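Remarks on the overall topology
Each chain, letter by letter, is given below.
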Amino acid sequence: QLILDSYSIQMLSVQPDTKPKGCAGCNRKIKDRYLLKALDKYWHEDCLKCACCDCRLGEVGSTLYTKANLILCRRDYLRLFGVTGNCAACSKLIPAFEMVMRAKDNVYHLDCFACQLCNQRFCVGDKFFLKNNMILCQTDYEEGLMKEGYAPQVR
Ligand SMILES: [Zn+2]
Ligand SMILES: [Zn+2]
Ligand SMILES: [Zn+2]
Ligand SMILES: [Zn+2]
């Protein structure tokens, strides 16, 4: 399960009688009417930016994500650090930015989504079957049923 290192951003209006706070981004004093408070620090609205795409985080909703000393927007955080889960075929992690195939509760790398007996790949619209958590093509699935002696009843 994905645990997000997320923090909320508050926008505060600066009271004219208080002494200006230093910005954690540029280290200058904040003399604007508004400032952002995040990670227990104060920021100019322009200084709290995503390290990847440079978007102003005070505007993109009001949550920031941080990891490895990077401050990131949700999209970049998920792209860099998010994981979708483990591939049910090779059991390696699937990063969130990768395309995945899903079957029931399982996720698969695109490359891993093939019949686990004959390696046939599936195209959109192809039939596949899940048996004992294995992906099977129709041929192998039906063959397996036949071997086990409970072929589908023809009505
Ligand atoms: Zn600043
Ligand atoms: Zn970003
Ligand atoms: Zn895989
Ligand atoms: Zn097959």
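Residues numbered from 1 in each chain as written. Chains lettered and ligands numbered in written order. Predicted model: local features only at pLDDT ≥ 70, side-chain atom pairs only at ≥ 80, totals over all residues. Heavy atoms only, no water.

Going by the annotation in an unreviewed UniProt entry, the name recorded for the chain is LIM domain only protein 3, with Capra hircus given as the source organism.

Quick notes on the pairing of strand β11 (residues 128-131)
Spelled out, the test is: Relative accessibility decides the category of a residue: with a 1.4 Å probe and only protein chains considered, values under 20% of the type maximum give buried, values over 50% give exposed, and everything between is partly exposed. We count a stretch as a helix when DSSP gives it H or I for four or more residues in a row; a strand needs E for two or more, and each element gets its number in order from the N terminus. A pair of strands is considered paired only if DSSP assigns at least 2 bridges between the two.
Burial along β11 is one-sided: the residues Phe129 and Lys131 are buried and none of Phe128 and Leu130 is. Summarising the sheet, β11 and strand β12 (residues 134-137) pair through four bridges and their orientation is antiparallel. By the bridge assignment, phenylalanine 128 is partnered in β12 with cysteine 137. As consecutive antiparallel partners, β11 and β12 are separated by two residues, and within that stretch asparagine 132 has a phi angle of approximately 45 degrees, a positive value.

Some words on the coordination of the zinc ion (ligand 4)
Going by this rule: Coordination here is defined by N, O and S atoms within 2.8 Å of the metal (3.2 Å for Na, K and Ca), and since water is not considered, a site can look incomplete. A four-donor site is called tetrahedral if each angle lies between 85 and 135 degrees; a four-donor site is square planar, and a six-donor site octahedral, when trans pairs exceed 155 degrees and the remaining angles lie between 65 and 115; all other cases are labelled irregular.
Donor atoms from the polypeptide that bind the zinc ion (ligand 4) are Cys115 (SG), Cys118 (SG), Cys137 (SG) and Asp140 (OD), placed at 1.8 to 2.3 Å. Angles of 99 to 117 degrees at the metal separate the four donor atoms of the zinc ion (ligand 4), which places the site in the tetrahedral class. Residue cysteine 115 is classed as buried on the basis of its relative accessible area, which comes to 0%. You can call cysteine 118 partly exposed: its relative accessible area is 40%.

Focus on the coordination of the zinc ion (ligand 3)
Each protein donor to the zinc ion (ligand 3) is listed here as Cys87 (SG), Cys90 (SG), His109 (ND1) and Cys112 (SG); together their distances run 2.0 to 2.3 Å. Geometry at the zinc ion (ligand 3) is tetrahedral, judged from the four donor atoms that bind it and their angles of 104 to 114 degrees at the metal. We note that the donor set of the zinc ion (ligand 3) lies within a single chain, spaced as C-x2-C-x18-H-x2-C. Relative accessible area serves as the criterion here: at 28%, cysteine 90 is assigned to the partly exposed category.

A closer look at the side chain of aspartate 76
Our working definition: Note on definitions: a residue-residue contact is assigned when non-hydrogen atoms from the two residues lie within 4.5 Å.
Relative to the elements of secondary structure, aspartate 76 occurs in helix α1 (residues 74-81). In contact with aspartate 76, other than residues within four places in its own chain, are Cys50, Cys52 and Cys53.

Let's talk about the domain arrangement of the chain
Selection criterion: Residue ranges for the domains trace back to a domain assignment, done automatically or taken from a database.
Examined at the domain level, the chain breaks down into domain 1 (1-79) and domain 2 (83-147). Measuring from the centre of the C-alpha atoms in domain 1 to the corresponding centre in domain 2 gives 42 Å.

Details of the packing of aromatic side chains
Convention followed: Stacked, edge-to-face and tilted are the three classes for Phe, Tyr and Trp ring pairs, Trp counted by its six-membered ring, which pair at centre distances within 6.5 Å; planes under 30 degrees apart are stacked, over 60 edge-to-face, the rest tilted.
Per the counting criterion, the structure on display carries six aromatic pairs. Taken together, a centroid distance of 5.0 Å and an interplanar angle of 85 degrees make the contact between phenylalanine 113 and phenylalanine 128 edge-to-face. Residue phenylalanine 113 is located in the loop between β10 (106-109) and β11, and its partner phenylalanine 128 is located in strand β11; the two are separated by 15 residues in the primary sequence. For phenylalanine 113, a relative accessible area of 3% gives the class buried.

Focus: the sheet that holds strand β6 (residues 70-72)
Where we set the bar: To get an axis, fit a line to the C-alpha atoms, keeping to the stretch in contact for a helix; angles then go from 0 to 180 degrees between the N-to-C directions.
On the basis of which strands lie adjacent, the open sheet formed by three strands has the order β1-β5-β6 and antiparallel pairing. The sheet is open, and its two borders are formed by β1 (6-8) and β6, each paired with just one other strand. Neighbour to neighbour, the strand axes of the sheet diverge by 35 degrees on average, direction disregarded. Both β1 and strand β5 (residues 63-67) contribute to a ladder of three bridges, which runs antiparallel.

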